[in-house]
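# Overview (structure and organization)
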Amino acid sequence: MLLPIDQPLDLVSTLLSGQAFRWRIGDATSFSSPGPPRRTGEDVASSRQVREEPWYHGVIYRNIVKLRIVPGGIEFYSAPDDERVVAPLLMDYLGLNVDINEVYRNIGTDDRLRASIAHYPGMRILRQEPWECLVSFLCAQASNIPRITKNIEDMATAFGRPLELDAPAGSGVRGMVRRSSFPTPQELATATRQQLWDLRLGYRADYIYETTQLVAEGKVDLAAMREMDYDRTLAAMMEIPGVGDKVANCIMLFSLDRLDAFPVDVWIDRAMHEWYFTPQGKKLNRKQLRLWAMQQWGRHAGYANHYLFHGRRLMGKEDQREGSVA
DNA sequence: AGCCAGGCCCTCC
DNA sequence: GGAGGGCCTGGC
């Protein structure tokens, strides 16, 4: 099915850069290292080099979704639910209801940000499912993307529901995709503390165990948090074990409709001191940085955060993986 | 071998 | 209120 879009969308930056952890590149289920771009194999003889966008697959709303960019929009398949059912969910999940050009006008306030925007046009903030997002960022403290990805996948495999997507013949999609849904709070609540510990989550296992009980028992109501104002949502989030200011802001930004949320991690901390509070200025703590940013960029501060984060990796160090194949 | 990671929490000052 | 150390595990 084709989902028409008329604004830039950069799938690799949006899906694989650390806001969600269940997206993979490639036609079929494969957890081997991504490696170099794969050959299509069929149109090698063709003199005209048709540059085809890669497929991605992930799991949202208990569906496997496989998608890629095509002229005019997004081509996608889903299972077990029909594409007509998944289409609006996918649209919403990808944040395509947000006018990104308006966002850029609001956050393009200096050269650094404008450079980052120019380098990552179409990198979006996802609108994820709050429960999965919460567990993901409980995993994230003192960790890294590959490890978080493994932790989340292990929980899905152990406590979620197995799914498969068999692409229709002649669709040009090759390979069966087998994934598991991320467990619901009730499903994950069946896990014992020891079982979680055995997934090698480290000390995060305790946070996840405690949090799962709270959500499954209804003592934490994530859906309700989408309706609250920023301060109330933040306060409610920080009641959750293992959730501090940074993690709360990540969850709020990526899943609770708070595009004004501004998570300050070590990288943002460095970038802001380096770029906005230069040498001798007194050091601001993380909460002060967040308040300053929210003042500066208002209701799209979270987008500024994401572009600062990626902008710094752009200028700070070399860009190791970049899909700019000739 | 030893240090540290995309934090949080608890203790102590 | 804020600085400092501990915490599972994995990677360098």
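Keep in mind it's a predicted model, so treat the numbers as computed, not measured.

### Some remarks on empty space enclosed by the protein
For the structure shown, the criterion picks out one cavity of 30 Å³ or more. Its volume calculated, the largest cavity comes out at about 30 Å³. Every residue along the wall of the largest cavity is listed here: Val 59, Ile 60, Tyr 93, Gln 128, Glu 129 and Glu 132. Across the lining of the largest cavity, the residue classes tally to three nonpolar, one polar and two charged.

### Quick look at the protein's contact with DNA strand C
Near DNA strand C the following residues occur: Arg 147, Trp 197, Arg 200, Gly 202, Tyr 203, Arg 204 and Asn 285. Of all DNA strand C atoms lying within 4 Å of any protein atom, the proportion belonging to sugar or phosphate reaches 59%. Between Arg 147 and DNA strand C, the recorded distance is 3.0 Å, taken from a side-chain N or O atom to a base oxygen. Interatomic distance of 3.4 Å between a side-chain N/O atom of Asn 285 and a phosphate oxygen of DNA strand C. The residue inventory of the surface near DNA strand C, partitioned by class, reads two nonpolar, two polar and three charged.

### A word on the environment of Tyr 303
Of note, Tyr 303 is situated in helix α15 (residues 301–316). Taking C-alpha positions, Tyr 303 is 28 Å from Val 215, a pair spaced 88 residues apart along the chain.

### Things to note about the protein's contact with DNA strand B
Close contacts around DNA strand B come from 21 residues, with Gln 141, Ile 145, Gly 242, Gly 244 and Val 247 the closest. Protein-proximal atoms of DNA strand B, defined as those within 4 Å of the protein, fall in sugar or phosphate at a share of 66%. Here a phosphate oxygen of DNA strand B sits 2.8 Å away from a polar atom, N or O, in the main chain of Gly 244. Between DNA strand B and Trp 267 there is a distance of 3.3 Å, counted from a sugar or linking oxygen to a side-chain nitrogen or oxygen. Elements supplying a minimum of two residues to the surface near DNA strand B: α12 (245–255) and α13 (266–275). Top element by residues in the surface near DNA strand B is α12. It accounts for three residues.

### Structural notes on the confidence of the model for chain A
Residues with a pLDDT of 70 or more make up 89% of chain A, whose mean pLDDT is 90. In this model residues 32–47 is a low-confidence stretch, pLDDT under 50, and it forms six contacts with partners more than four residues away in sequence or in other chains. In this model residues 317–326 is a low-confidence stretch, pLDDT under 50, and it forms 10 contacts with partners more than four residues away in sequence or in other chains.

### Topic: the pattern of salt bridges
Evaluation of the coordinates by the stated rule reveals 21 salt bridges. Here Arg 68 makes a salt bridge to Glu 75, at a shortest N to O gap of 2.8 Å. Arg 68 gets classed as buried once you look at its relative accessible area, which sits at 11%. With a closest N to O distance of 3.0 Å, Lys 219 and Glu 217 form a salt bridge. For Glu 217, a relative accessible area of 48% gives the class partly exposed.

### Topic: helix α4 (residues 111–119)
An α-helical turn contains 3.6 residues, so any two residues separated by three or four positions project in the same direction. For α4, the complete set of buried residues consists of Leu 113, Ser 116 and Ile 117. Here the buried residues of α4 occupy an arc of 100° about the axis, which is enough to place them on one side. Within α4, the exposed residues directed more than 90 degrees away from the buried face are Asp 111 and Ala 118.

### A few points about unusual backbone geometry
Between Ala 79 and the following residue, Pro 80, the backbone shows a cis peptide bond with an omega angle of 5°. With respect to the helices, strands and loops of the structure, Pro 80 is situated in the loop between β5 (73–79) and α2 (83–93). With a phi close to 50°, Tyr 61 is a non-glycine residue in the positive phi region. Take Tyr 61: it is sitting in the loop between β3 (56–60) and β4 (63–70). Within the chain, Arg 62 stands out as a residue other than glycine whose phi angle is a positive 60°. For Arg 62, the position within the fold is in the loop between β3 and β4. Residue classification places Arg 62 among the partly exposed residues on the basis of a relative accessible area of 28%.

### Let's talk about the nonpolar core
Judged by nonpolar contacts, the single largest core of 65 residues is most densely connected at Leu 134, Met 155, Met 237, Phe 262 and Tyr 307. Setting aside chain neighbours within four positions, we find Leu 134 in contact with Thr 211, Val 215, Leu 222, Met 237, Ile 240, Val 243 and Ile 251. Counting 19 residues, the second-largest nonpolar core is a separate cluster that includes Ala 20, Tyr 56, Leu 67 and Leu 96.

### Considerations on the environment of Arg 193
With respect to the element layout, Arg 193 can be found in helix α8 (residues 193–198). The exposure class of Arg 193 is partly exposed, given its relative accessible area of 36%. Taking the C-alpha atoms as reference points, Arg 193 and Ala 205, separated by 12 residues in sequence, lie 7.2 Å from one another. Apart from the residues within four sequence positions on either side, Arg 193 is in contact with Asp 206, Tyr 209 and Glu 210. Among the polar contacts listed, one links the side chain of Arg 193 to the side chain of Glu 210, at a separation of 2.8 Å.

Scoring rules and cut-offs
Residues numbered from 1 in each chain as written. Chains lettered and ligands numbered in written order. Predicted model: local features only at pLDDT ≥ 70, side-chain atom pairs only at ≥ 80, totals over all residues. Heavy atoms only, no water. 1 Å grid on protein atoms, 1.4 Å probe; cavity = no way out; pocket = protein on both sides within 12 Å on 5 of 7 lines; lining within 4 Å. Points joined across faces, edges and corners; volume = space filled by probe spheres on them. Nonpolar A, V, L, I, M, F, W, Y, C, P; charged D, E, K, R; others polar. Near = heavy atom within 4 Å. Polar contact = N/O pair within 3.5 Å; in protein donor to acceptor, adjacent residues only side chain to side chain. Helix = DSSP H or I, 4+ residues; strand = E, 2+ residues; numbered from the N terminus. pLDDT = per-residue confidence, 0-100. Contact = heavy atoms within 4.5 Å. Salt bridge = Lys/Arg side-chain N within 4 Å of Asp/Glu carboxyl O. Buried < 20%, exposed > 50% of the residue type's maximum accessible area, 1.4 Å probe, protein only. Arc of directions from axis to C-beta. Core = buried A, V, L, I, M, F, W, Y, C linked by side-chain atoms within 4.5 Å.

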